[in-house]
Amino acid sequence: MSAETEALNDQIKQSVALLRRHLNWDVAQARLAELNNRAEDPDLWNDSDAAQKLMRERTLLAGQVEGVQKLETSVQDACELVELAEAEGDAEIVAEATAALKALAEEAKRRETESLLSGEADSNDCYLEVNAGAGGTEAQDWAQMMLRMYTRWAEAHGYKVTLMESSEGEQAGLKSATILVSGPNAYGWLKTEAGVHRLVRISPFDAAARRQTSFASVWVYPVIDDSIEIEVNDSDLKVDTFRASGAGGQHVNKTDSAIRITHMPTGIVVACQTDRSQHRNRATAMQMLRARLYEAELQKREAAAAATEAAKTDIGWGHQIRSYVLAPYQMVKDLRTNVETGNPSAVLDGDLDAFMAAALAARVGATRSEASANAQ
């Protein structure tokens, strides 16, 4: 094989070896076999909560194990095809097989990064909250653009998106919005997006077409189940009702069914307006509040807590994690990792994987170095 295909093959094999080590391969296979046997037990669903927990673990582990097996098979097939095509002098087939290896190398890299999502709540669904910051109507329009960006990213990765609450701006855009993102590792990926995001562009709301800077913040917190106990005292809560926003006409909401809950000790505010029933909206809002409190506790356990809180202190200059520049030049740059791209249109359409992966890349590098040291 050529030097290029040899290098790609070696890169993929190294990633697969790290994936196997991370999974503790023999233990993972034994556990998957055990879960498969238990899933066939007709009495499993007598306890629906336990059954759902088992099925979630089974689905996650099966995806990890089968993903590694598929990588190994695909790489072997591609390498055999390259060797056969080279022997026959078929340059077109060699190019196709090499392109397939490059795609497999990207997938292996993504799976390697994803294997680091082993935090306490990384595999959970999550709530993602966007808030407009400094900049008035400009910032509110930017908040709406960001909501679209994350919705596009989630849908492209097969996640389900549910709008939980939105507060429209006076002239355009959104003051705030919260979505529920459901799917494997939703929190693990999206938690890297928490912080302040800065937009620089020619204002569509300025008749003089001047350049404007706008800010919006993102906060992400995991969905938690009843097995995680979070104590909330009713005396610590301020509950407000309001009329849900939405389209007019005969379906307009004419009752104050939307709920906003403020947790007085922490200042955390959640809101829900997804249902016509105030009772159900309150129940959902309480779930969101418990999730926010749990996420806050997770942050306290991590060394990054101080930096995270600092990023939340002000939605404006000096606190942004990423800049999106649309004028006078085209660029998106993450100020934490220095990852950048000259294609902001793609980013605003949901192409965020490079930025998310970079937040975990240092740990991948450390794992590689440790693996190399152990091998020597």
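To be clear, the structure that these remarks concern was listed above.
These lines cover the structure that appears in this document, whether it is placed above or below. (Residues numbered from 1 in each chain as written. Predicted model: local features only at pLDDT ≥ 70, side-chain atom pairs only at ≥ 80, totals over all residues. Heavy atoms only, no water.)

Details of a negative patch on the surface
Then, number 1: A contiguous patch of negative charge, built from E6, D10, D77, E80, E83 and E86, is present on the exposed surface.
Then, number 2: Going through the elements one at a time, α1 (3-23) and α3 (48-88) are the ones with two or more residues in the negative patch.
Then, number 3: Per-element accounting of the negative patch gives the leading share, 4 residues, to α3.
Then, number 4: As for its placement among the helices and strands, E86 is situated in helix α3. (Patch = residues over 30% accessible without salt bridge, like charges linked within 9 Å, V, L, I, M, F, W, Y side chains within 5 Å. Areas by Shrake-Rupley, 256 points an atom, 1.4 Å probe, with all protein chains shown as cover. Salt bridge = Lys/Arg side-chain N within 4 Å of Asp/Glu carboxyl O. Lys, Arg positive; Asp, Glu negative; His and termini not counted. Charge placed at Lys NZ, Arg CZ, Asp CG, Glu CD. Helix = DSSP H or I, 4+ residues; strand = E, 2+ residues; numbered from the N terminus.)

Notes on the sheet that holds strand β11 (residues 340-341)
Then, number 1: Pairing in this open sheet of 8 strands is mixed, and the strands run β2-β3-β1-β5-β4-β9-β10-β11 from one edge to the other. The sheet is open, and its two edges are formed by β2 (160-168) and β11, each paired on a single side.
Then, number 2: Where β2 and strand β3 (residues 174-182) come together, 8 bridges link them in antiparallel fashion. Paired with K160 across the two strands is S182, which belongs to β3.
Then, number 3: Here helix α5 (residues 136-156) sits on the sheet in contact with β1 (126-132), β2, β3, β4 (195-202), β5 (211-222) and β9 (320-325), set at roughly 45° to β5. (Pairing = 2+ DSSP bridges. Contact = heavy atoms within 4.5 Å. Axes fitted to C-alpha atoms, helices over the stretch in contact; angles between N-to-C directions.)

Let's talk about α5
Then, number 1: In this model α5 runs 31 Å from its N-terminal to its C-terminal C-alpha over 21 residues, within 8% of the 30 Å that 1.5 Å per residue would give.
Then, number 2: Just downstream of α5, G158 is the residue with a positive phi angle, here 80°. (Expected span 1.5 Å × (residues − 1).)

Thoughts on the pattern of salt bridges
Then, number 1: With the rule as written, the count across this model stands at 17 salt bridges.
Then, number 2: Between D349 and R148 there is a salt bridge, and its shortest N-O distance comes to 2.9 Å. Here R148 lies in helix α5 and D349 lies in the loop between α9 (344-348) and α10 (353-375), a separation of 201 residues in the sequence.
Then, number 3: Residue class for D349 comes out partly exposed when judged on its relative accessible area of 39%.
Then, number 4: Linking D334 and R336 is a salt bridge whose minimum nitrogen-to-oxygen distance equals 2.8 Å.
Then, number 5: Judged by its relative accessible area of 40%, R336 falls in the partly exposed class.
Then, number 6: When salt bridges with common partners are traced through the structure, they connect R31, E34, R38 and E57 into a single cluster. (Buried < 20%, exposed > 50% of the residue type's maximum accessible area, 1.4 Å probe, protein only.)

What about the environment of S123?
Then, number 1: One can find S123 in the loop between α4 (91-114) and β1.
Then, number 2: With 64 residues separating them along the chain, S123 and Y187 place their C-alpha atoms 6.4 Å apart.
Then, number 3: Those residues in contact with S123, other than ones at most four positions away along the chain, are L60, G183, P184 and N185.

Concerning the sheet that holds strand β7 (residues 258-263)
Across a sheet, paired strands are connected by hydrogen bonds in the backbone, their directions being either parallel or antiparallel.
Then, number 1: An order of β6-β7-β8 is seen for the 3 strands of this open sheet, with the pairing classed as antiparallel. Two strands close off the open sheet at either side, each with one partner strand: β6 (237-242) and β8 (268-272). Recorded for the sheet is a direction-independent mean angle of 15° between the axes of neighbouring strands.
Then, number 2: Note: β7 against β8, 5 bridges, orientation antiparallel. Looking across to β8, one finds that T262 is bridged to V269.

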